[in-house]
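# Observations on the model geometry
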Amino acid sequence: MSPHVLLLGGTAEARELAADLATRPGVRVTTSLAGRVSRPGALDGDVRTGGFGGTDGLARWLREHRVDAVVDATHPFAAGITANAARAAVATGIPVVTLRRPGWCPVPGDRWHSAASLAEAAALLPGLGRRVFLTTGRLGLAAFADLARIHFLVRSVEAPEPPLPADTEVLLARGPFTLDGELNLLREHRADVLVTKDSGGSATAPKLTAARELGLPVVVVRRPPLPEGVSAVPDVASALALLELTPR
Ligand code: NAP
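Residues numbered from 1 in each chain as written. Predicted model: local features only at pLDDT ≥ 70, side-chain atom pairs only at ≥ 80, totals over all residues. Heavy atoms only, no water.

On to the sheet that holds strand 12 (residues 232–233), then. Here we have 6 strands laid out as an open sheet, ordered 3-2-1-4-5-12, and parallel in their pairing. The open sheet terminates on both sides in strands that have one partner only, identified here as strand 3 (46–49) and strand 12. (Pairing = 2+ DSSP bridges. Helix = DSSP H or I, 4+ residues; strand = E, 2+ residues; numbered from the N terminus.)

Our next topic: the domain arrangement of the protein chain. Looking at the protein chain, the domain boundaries give domain 1 (4–102 + 225–242) and domain 2 (112–221). Centre-to-centre separation of domain 1 and domain 2, based on C-alpha positions: 29 Å. Across the contact, 9 residues belong to domain 1 and 9 residues belong to domain 2. With both chains or domains summed, domain 1 and domain 2 bury close to 710 Å², and 49% of this area falls on carbon and sulfur atoms. When the buried surface of domain 1 facing domain 2 is broken down by residue, Arg36, Phe77 and Arg101 rank first, second and third, together holding 54% of it. Between domain 1 and domain 2 we count 0 salt bridges in total. At the boundary of domain 1 and domain 2, one finds 5 residue pairs in polar contact (both at pLDDT 80 or more). In terms of residue class, the side of domain 1 that touches domain 2 is built from 4 nonpolar, 2 polar and 3 charged. (Domains from an automatic or database assignment. Contact = heavy atoms within 4.5 Å. Buried area = accessible area lost by both parts, 1.4 Å probe. Salt bridge = Lys/Arg side-chain N within 4 Å of Asp/Glu carboxyl O. Polar contact = N/O pair within 3.5 Å; in protein donor to acceptor, adjacent residues only side chain to side chain. Nonpolar A, V, L, I, M, F, W, Y, C, P; charged D, E, K, R; others polar.)

Here we take up the site of the ligand. Around the ligand, the surrounding shell holds 21 residues, and the nearest of these are Ser32, Arg36, Phe52, Gly80 and Lys197. Taking Gly54, its main chain carries an N or O atom lying 3.0 Å from an oxygen atom of the ligand. Contact distances for the ligand include 3.4 Å between an oxygen atom and a backbone N or O atom of Ala79. Burial of the ligand by the protein chains amounts to 74% of its free accessible area of 810 Å². Put simply, the parts of the chain that give the shell around the ligand at least two residues each are strand 2 (28–33) and helix 3 (79–92). No other element matches helix 3, which puts 4 residues into the shell around the ligand. Grouping the constituent residues of the shell around the ligand by class yields 7 nonpolar, 11 polar and 3 charged. (Near = heavy atom within 4 Å. Areas by Shrake-Rupley, 256 points an atom, 1.4 Å probe, with all protein chains shown as cover.)

As structure tokens, this is what we get:
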């Protein structure tokens with residue numbers, strides 16, 4: 001019978017995996033999306049949307065849909081679904097391959113400040129600048145809401161969820177972004193500090209180069225750890241290899 005692969009998605013890597021797996025005769029691929037983005041874009045293979053209802057719900061779904069293998073290709077900050085997938089693997093015996101793109105590393109010239117959380121990032125800002133380019137996504141911005149004397153340029157794919165800081169300008173945009181574009185944006189808005197999660201990948205990395213070229217400090221929010229006992233592969237080819245499928 002055809003193997004059924006469930007991709008836990010929401011990333012470029014999951015999209016790439018779906019495109020690859022959908023072309024393989026005899027492989028059935030379903031991508032699961034949380035449903036946070038209203039227009040997620042077309043995906044190859046089948047798509048299901050919305051939470052499973054915790055670990056038990058995910059385990060039930062895997063059994064009911066006769067899933068043979070799961071690839072957790074969710075965003076490095078999506079710690080809840082990654083933990084659920086690891087527990088569901090134990091409960092069902094269905095293998096889960098965890099794909100995590102590598103995090104970013106500072107290079108000479110970078111002025112990075114590491115933060116364990118959005119709250120810690122917010123606490124660092126008064127000592128670093130007055131005009132912040134905030135790129136940590138649309139959720140969790142309440143952590144910055146009390147910083148009344150700082151101007152925020154918030155960039156996110158969809159409208160950020162309130163509460164927001166009093167002096168906030170919103171820019172709706174979806175990557176990939178270019179170095180020239182990021183340099184122009186930082187200059188136009190006279191940003192003097194950048195805040196980002198350590199998302200990794202190339203699509204949103206040019207902002208880091210732009211900040212370095214302009215000599216700006218960057219607050220980098222560290223990733224949540226992987227669940228105990230889980231190890232990750234760094235890219236699509238390695239995930240396919242673990243599924244025992246060579247890249248096309
Ligand atoms: P999360 O905190 O790990 O997940 C919270 C709950 O959302 C999960 O327990 C699960 O609900 C549901 N969920 C998450 N991802 C799902 C998926 N792919 N399919 C079905 N249900 C899912 O996740 P999050 O940080 O809110 O991220 C949500 C999605 O957005 C992820 O798929 C991630 O890849 C994508 N994303 C996240 C970020 C980020 O910065 N966090 C950035 C870009 C993209 P149940 O317990 O009910 O199953």
